[in-house]
Amino acid sequence: MDDVTKSLNVRLAHNLADGHCFLHAVAFQLNEILNTLQAYEFLMKAIETESRTNKNHYTNFIDEDSGRLDLLVHKYLHDKISDHAAGDLIPQITSNALQKPIHIYSERDGGIWKTIVHSKTPQNINKSPLLVHLKDYHYSALIKEKMHPLIKLQRPDD
């Protein structure tokens with residue numbers, strides 16, 4: 001992962017492992033505008049609104065056994081239950097809600113895999129993406145060096 005962080009000029013910022021690690025990783029990057037708590041609360045509302053107002057975009061990805069999308073998203077956001085179908089949709093819902101692409105760098109099977117989650121708004125493909133790291137089912141933020149000049153973030157092998 002060190003090669004990836006160097007090539008992107010980012011640092012790995014570890015965040016809470018409380019069931020909302022993906023949300024924390026994204027919110028941490030939004031705090032250029034809002035503080036982290038405000039960004040987290042904004043993000044939760046944005047995801048809830050996006051999943052409710054555009055549920056027809058997501059219901060095809062949920063089977064009958066999983067239940068209704070609104071209940072699954074509610075369980076994820078308010079009960080931090082992410083071991084269901086809605087948890088897999090959260091990156092896509094988040095990308096659509098923020099109208100920003102999300103690049104997920106996953107460490108698995110001895111390699112680094114990049115997944116690009118595009119928002120449904122085509123003109124936003126060229127926007128600067130949010131960068132997250134996934135390892136062992138835990139998301140962390142990949143923070144551009146210039147975003148947080150007062151915070152010394154550690155590389156995993158430092």
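See the structure above.
Residues numbered from 1 in each chain as written. Predicted model: local features only at pLDDT ≥ 70, side-chain atom pairs only at ≥ 80, totals over all residues. Heavy atoms only, no water.

Draft legend 1. Region of interest: the overall build of the protein chain. When helices and strands are tallied, the protein chain shows five helices and five strands. Ordered by position in the sequence, the α and β elements of the protein chain form the string α-β-α-α-α-α-β-β-β-β. Contacts spanning at least 24 positions in sequence make up 65% of the contacts within the protein chain whose residues lie at least 6 apart. Approximately 9,200 Å² of the protein chain is accessible, and the part contributed by carbon and sulfur atoms is 51%. (Helix = DSSP H or I, 4+ residues; strand = E, 2+ residues; numbered from the N terminus. Contact = heavy atoms within 4.5 Å. Areas by Shrake-Rupley, 256 points an atom, 1.4 Å probe, with all protein chains shown as cover.)

Draft legend 2. Representation of the layout of surface pockets. By volume, the largest pocket is sized at about 550 Å³. Lining the largest pocket are 21 residues; nearest its centre among them are Gly87, Asp88, Leu134, Tyr137 and Tyr139. Among the secondary structure elements, those contributing two or more residues to the lining of the largest pocket are helix H2 (21-30), helix H5 (85-98), strand E2 (102-108), strand E3 (111-117) and strand E4 (130-135). Per element, the largest residue contribution to the lining of the largest pocket is five residues, and it comes from H5. For the lining of the largest pocket, the residue count by class is 10 nonpolar, six polar and five charged. (1 Å grid on protein atoms, 1.4 Å probe; cavity = no way out; pocket = protein on both sides within 12 Å on 5 of 7 lines; lining within 4 Å. Points joined across faces, edges and corners; volume = space filled by probe spheres on them. Nonpolar A, V, L, I, M, F, W, Y, C, P; charged D, E, K, R; others polar.)

Draft legend 3. Spatial organisation of the sheet that holds E4. Read from one edge of the open sheet, five strands run E1-E5-E4-E2-E3, paired in mixed fashion. The outermost strands of the open sheet, each flanked by one partner alone, are strand E1 (10-13) and E3. Ignoring which end each strand starts from, the neighbouring axes of this sheet average 30° apart. Strand direction decides the pairing type here: E4 and strand E5 (residues 138-144), joined by four bridges, are antiparallel. (Pairing = 2+ DSSP bridges. Axes fitted to C-alpha atoms, helices over the stretch in contact; angles between N-to-C directions.)

Draft legend 4. Focus on the pairing of E3. In this sheet, E3 lies alongside E2 in antiparallel orientation, the contact comprising seven bridges. Paired with Ser106 across the strands is Trp113, a residue of E3. Counting the residues between successive antiparallel strands, the hairpin from E2 to E3 contains two residues, one of them, Asp109, with a positive phi of roughly 50°.

Draft legend 5. Expanded view of the packing of helix H4 (residues 69-79) against H5. H5 packs onto H4 with a crossing angle of 85° between their chain directions and a minimal axis gap of 10 Å. Overall, the two elements H4 and H5 adopt an arrangement that is roughly perpendicular. Residues Leu69, Leu72, Val73 and Tyr76 of H4 touch H5, and the partners they reach there are Ala86, Gly87, Leu89, Ile90 and Ile93. Looking at side-chain class alone, the contact of H4 with H5 contains eight nonpolar, one polar and no charged residues. (Parallel < 35°, antiparallel > 145°, perpendicular 65-115°, else oblique.)

Draft legend 6. Structural view of the side chain of Thr94. Checked against the element boundaries, Thr94 lands in helix H5. A relative accessible area of 0% places Thr94 in the buried class. If near-sequence neighbours (up to four positions away) are discounted, Thr94 is found in contact with Phe22, Val26, Leu43, Ile47 and Ile102. (Buried < 20%, exposed > 50% of the residue type's maximum accessible area, 1.4 Å probe, protein only.)

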